[in-house]
Amino acid sequence: MSINNREDANKYYQQINELIDDYMDKWKIRPSNLKRYLQPGSERFNKFLHRNNLKEVNGIDRVLSDVIDDRVNMESDGVLTFES
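Turning to the nonpolar core, a few remarks are in order. In this structure, Ile16, Ile20, Leu34, Phe48, Leu54, Ile60 and Leu64 are the most contacted members of the largest nonpolar core, which totals 20 residues. What Ile60 contacts, discounting residues up to four positions off in sequence, is Tyr12, Ile16, Leu49 and Leu54.

Before going further, it helps to spend a moment on the packing of aromatic side chains. Scanning all chains against the criterion turns up one aromatic pair. Relative to Phe48, the ring of Tyr23 has its centre 5.8 Å away and its plane inclined at 90°; by these criteria the two rings are edge-to-face. Residue Tyr23 is found in helix α1 (residues 6–27), and its partner Phe48 is found in helix α3 (residues 43–51); the two are separated by 25 residues along the sequence. Per residue, the accessibility class of Tyr23 equals that of Phe48, and both read buried. In this arrangement the basic side chain of Lys11 is found over the ring face of Tyr12, its NZ or CZ atom lying 4.7 Å from the centre.

Tracing the backbone through its elements, the reader meets Ser65 in helix α4 (residues 60–77). In contact with Ser65, other than residues within four places in its own chain, are Pro40 and Phe45.

Reading guide: rules and limits
- Residues numbered from 1 in each chain as written.
- Predicted model: local features only at pLDDT ≥ 70, side-chain atom pairs only at ≥ 80, totals over all residues.
- Heavy atoms only, no water.
- Core = buried A, V, L, I, M, F, W, Y, C linked by side-chain atoms within 4.5 Å.
- Buried < 20%, exposed > 50% of the residue type's maximum accessible area, 1.4 Å probe, protein only.
- Contact = heavy atoms within 4.5 Å.
- Phe/Tyr/Trp six-rings, centres within 6.5 Å; stacked < 30°, edge-to-face > 60°.
- Helix = DSSP H or I, 4+ residues; strand = E, 2+ residues; numbered from the N terminus.
- Lys NZ or Arg CZ within 6 Å of the ring centre and 35° of its normal.

Listed below in structure tokens is the structure:
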């Protein structure tokens, strides 16, 4: 599988956004820590994609990196707040 058009890209971005939101809520992890935890090319990064049946999608690693970077930027801008 691969991301061939805008609709595919939107579908995968939405799916990854939901997975990252759920992951952050479940584990109460900050986006900056999540970025360190799920570095592209790392074993954890690949396991995250494999666990969610996304490993076979060409270009999905870029989508996951974009979503994590977006969350980190929102955190640094003060848009996201977390309870201690």
